[in-house]
Amino acid sequence: MNRKTRAAHRFRGALAGVVATVVMFGLADVLARAFSPSAAPLLTLGQAIIPLAPPAAIKPVIALFGDNDKLVLILSTGLGALVAAGLIGALAASRRRLATTLLLAAGLVPVIVIILRPEAGAPDIIPTLIGIGVGVAVFVLLLRLGVPEATAEATARTARPQQPDPLSRRRFFTLAGAVGTIGAVTIAAGQTVASLAQEAGAAVAKLVLPTPAKKAAAIPAAASTDIEGTVPFVTEAKDFYRIDTVLSPPVIDPEQWSLRIHGMVEEEVTLTMDDVLDLPLEEHHITLTCVSNPVGGELVGNATWLGYPVRELLARARPSSQADMVLSHSFDGFTASTPLGALTDDRAALLAVGMNDEPLTPIHGFPARLVVPGLYGFVSATKWVTELEVTRFDEKTAYWTDRGWDAKAPILVASRIEVPKPLAKVSAGTVRVGGTAWAQRSGIDRVEVKLDDGDWTQADLAEEVTIDTWRQWRADFSGVEPGTHTLTVRATDRDGTVQTGKRRDSIPNSATGHHHIQFRVE
Ligand SMILES: Nc1nc2c(c(=O)[nH]1)N[C@H]1C(S)=C(S)[C@@H](COP(=O)(O)O)O[C@H]1N2
Ligand SMILES: [Mo]
């Protein structure tokens, strides 16, 4: 066989491998929806990679892709699987049996991953097994139709009947393309079914929020600068940033949920959702911030949370005087370390069940989560919270602390420019600038903006709602000349801390630096 035919056969083999794998994932994913999402091979594979990935690689991905980090992970898992399948397929041009065995073995990897999941049951592997069966069959069929067995292997088995002539190039590619398309469509269908099912959220519908015993003060109109293009003062749940380590949020039945307060306490306390809903719940406006937010970034949101003060819950359990930390545990295994003091002082640290007059959505922690003013989410805002373990910083560590992040992380004063947008074209005359600043627990005292290398100019601040909410600001610059300009912003909190201009990475306790943008005056 000449080199060129050999290469062509390798290519056909690779294509057969890729197509078979697409079919396998597609079929298994769609079938998995009938069992449980944890039976979906692509999802479980991606999920299994998260704890293996070096932390140094995770946070940059979050910083780069923000809320899309999960999509990136799933796509790269899928891409990795396809590349592997392509290589195995190419091998089939010379070693058909070995290649088929390898493909089968590779298909068993997600099966093992699924079995190893704590919540997995035997039916969970059925979709993937069926997917593998059909996928391997597709592989064998495509090889038989389009890739003649290599001479050495074929002559060794002369007893076998003569092979049929391989399909023409065009026919083979059409066939492979058609089967591949069917597989791809199944994957898309599976994803759509999954997201619809989640939206339906039967579990969410079970939870009816009571009228708050203590309403939050209404948000005054003056809290917004109303500059077109600025981020709204209240973030809707659907626009609220999302950061967590699960690919699909756990859907928890509120009737099954409970919160256990234990550890260094005099009395262990367990509450059901009915217990929580019977308590006098309070509403508070609180701005939540992610430590991974890059300077000027969008991993920050402000909502009206409904919940019960953690302070009161802890008072029932009576923490030991030796304790200095609460390790909150999530249903999914995530943990956060919060200084005990931040949960017992007078701030509105909440066991939250509502967000902007609605129950929490599954991705924001349904049925219950923590919200603690003044601390980054990774050390305080545990979603799907199930346990509060009273302990000590020198005894227990939290999820991100084990991955190189600080055990304690108070939110630093920050500000960002929202208008004009980076590289926007603005007409000559007065340039209107607007944005948001935050310094939870302290409050924003001052925001200053600088045009090019000019002096810092004080911005006008919108009304403050509470020291735990972000604050909008605006500034006008008149007589700005045509050409390219830079705007820089910095904020100062009520303790007098001026936002530092020193650039620093977000690990281990948040990025620093001044946000600046460029724009053009026409
Ligand atoms: N169970 C769980 N809770 C979690 C996390 C997580 O990974 N798992 N991430 C935390 C981080 S890093 C942040 S910034 C906030 C984000 O909350 P949001 O997704 O509702 O905006 O949730 C926190 N709570
Ligand atoms: Mo975060």
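Here, the structure is the one placed above.
Quick caveat: nothing in here was measured; it's all calculated off a predicted structure.

A. The arrangement of the site of ligand 1 in detail. Around ligand 1 there are 19 residues in total, and Y241, D332, H364, R369 and K383 lie nearest to it. In this structure, S330 approaches ligand 1 through a side-chain N or O atom, which is 3.0 Å from a nitrogen atom. A distance of 2.9 Å separates a nitrogen atom of ligand 1 from a polar side-chain atom of D332. Relative to its free-state accessible area of 530 Å², ligand 1 is covered by the protein chains to the extent of 100%. Judged by its atoms lying within 2 Å of the grid points, ligand 1 is housed in the largest cavity. Split by residue class, the shell around ligand 1 holds 9 nonpolar, 5 polar and 5 charged.

B. Focus on the pattern of salt bridges. Evaluation of the coordinates by the stated rule reveals 23 salt bridges. Salt-bridge contacts for R347 lead to D345; the nearest nitrogen and oxygen are separated by 2.9 Å. Overall, D345 belongs to the partly exposed group, its relative accessible area being 28%. For R432, the salt bridge goes to D476, with nearest N and O atoms at 3.3 Å. One end of the pair, R432, is in strand β13 (residues 429–438); the other, D476, is in strand β17 (residues 471–480), and 44 residues separate them in sequence. With relative accessibility at 44%, the residue R432 sits in the partly exposed group. Residue classification places D476 among the partly exposed residues on the basis of a relative accessible area of 39%.

C. Structural detail: the nonpolar core. Counting residues in hydrophobic clusters, the biggest one holds 109 residues, and the most contacted among them are I261, W305 and L351. Counting residues per element, this core draws most heavily on helix α1 (residues 3–35), which supplies 7 residues. Residue contacts for L351: discarding those within four places in its chain leaves W257, L259, V276, L306, G307, Y308, V310, L313, A368, R369, L370 and V385. V426, V433, L451 and F477 belong to the second largest nonpolar core, which has 22 residues in total.

D. Representation of empty space enclosed by the protein within the structure. Within the structure shown, the criterion is met by 1 cavity of 30 Å³ or more. Taken as a whole, the largest cavity holds about 290 Å³ of empty space. Looking at side-chain class alone, the lining of the largest cavity contains 10 nonpolar, 5 polar and 6 charged residues.

E. Main features of the pairing of strand β14 (residues 444–451). Summarising the sheet, β14 and strand β18 (residues 483–493) pair through 7 bridges and their orientation is antiparallel. Across the sheet, I444 pairs through a bridge with D493, a residue of β18. Where β14 lies against strand β15 (residues 457–458), 2 bridges are found, and the strand directions are antiparallel. By the bridge assignment, V449 is partnered in β15 with T457. Hairpin remark: β14 followed by β15, antiparallel, with 5 residues in the connecting loop; positive phi at D452, about 50°.

F. Structural detail: the packing of helix α5 (residues 96–116) against helix α6 (residues 126–146). Contact geometry of α5 with α6 gives a least axis separation of 10 Å together with a crossing angle of 165°. By the angle class used here, α5 and α6 are roughly antiparallel. As α5 runs across α6, the sense of the crossing is right-handed. When α5 is examined against α6, the residues R96, A99, T100, L103, L104, G107, L108, P110, V111 and I114 are found in contact with a partner set consisting of T128, L129, I132, V136, F139, V140, L143 and R144. Looking at the contact of α5 with α6, its residues break down into 13 nonpolar, 3 polar and 2 charged.

G. Focus on the layout of surface pockets. Of the voids in this model, the second largest pocket is the one considered here, and its volume is about 370 Å³. Taken together, 21 residues make up the lining of the second largest pocket; nearest its centre are D239, Y241, E298, L299 and V300. Among the elements that make up the lining of the second largest pocket, the one with the highest residue count is helix α3 (residues 55–65) (3 residues).

H. The arrangement of the sheet that holds strand β11 (residues 414–419) in detail. The strand order across the open sheet formed by 4 strands is β11-β13-β17-β16, and the pairing between neighbours is antiparallel. On the outer flanks of this sheet lie β11 and β16 (460–461), each paired with one strand and no other. Strand direction decides the pairing type here: β13 and β17, joined by 8 bridges, are antiparallel. Bridged to G434 within β17 is R474.

I. Representation of the pairing of strand β6 (residues 335–339). In terms of burial, β6 is largely enclosed, as 4 of its 5 residues are buried. Relative to β6, strand β5 (residues 325–330) runs antiparallel, the two being bridged by 5 bridges. Across the sheet, residue H329 finds its bridge partner in β6, namely T335.

J. Layout of a nonpolar patch on the surface. On the surface, L108, I112, L116 and L129 cluster together to form a nonpolar patch covering roughly 390 Å² of accessible area. Considering each element in turn, the nonpolar patch owes the most residues, 3 residues, to α5. With respect to the helices and strands, the residue I112 is situated in helix α5.

About the thresholds
Residues numbered from 1 in each chain as written. Chains lettered and ligands numbered in written order. Predicted model: local features only at pLDDT ≥ 70, side-chain atom pairs only at ≥ 80, totals over all residues. Heavy atoms only, no water. Near = heavy atom within 4 Å. Polar contact = N/O pair within 3.5 Å; in protein donor to acceptor, adjacent residues only side chain to side chain. Areas by Shrake-Rupley, 256 points an atom, 1.4 Å probe, with all protein chains shown as cover. 1 Å grid on protein atoms, 1.4 Å probe; cavity = no way out; pocket = protein on both sides within 12 Å on 5 of 7 lines; lining within 4 Å. Sits in = over half its atoms within 2 Å of the grid points. Nonpolar A, V, L, I, M, F, W, Y, C, P; charged D, E, K, R; others polar. Salt bridge = Lys/Arg side-chain N within 4 Å of Asp/Glu carboxyl O. Buried < 20%, exposed > 50% of the residue type's maximum accessible area, 1.4 Å probe, protein only. Helix = DSSP H or I, 4+ residues; strand = E, 2+ residues; numbered from the N terminus. Core = buried A, V, L, I, M, F, W, Y, C linked by side-chain atoms within 4.5 Å. Contact = heavy atoms within 4.5 Å. Points joined across faces, edges and corners; volume = space filled by probe spheres on them. Pairing = 2+ DSSP bridges. Axes fitted to C-alpha atoms, helices over the stretch in contact; angles between N-to-C directions. Parallel < 35°, antiparallel > 145°, perpendicular 65-115°, else oblique. Left-handed = near helix turned anticlockwise from the far one by under 90°. Patch = residues over 30% accessible without salt bridge, like charges linked within 9 Å, V, L, I, M, F, W, Y side chains within 5 Å.

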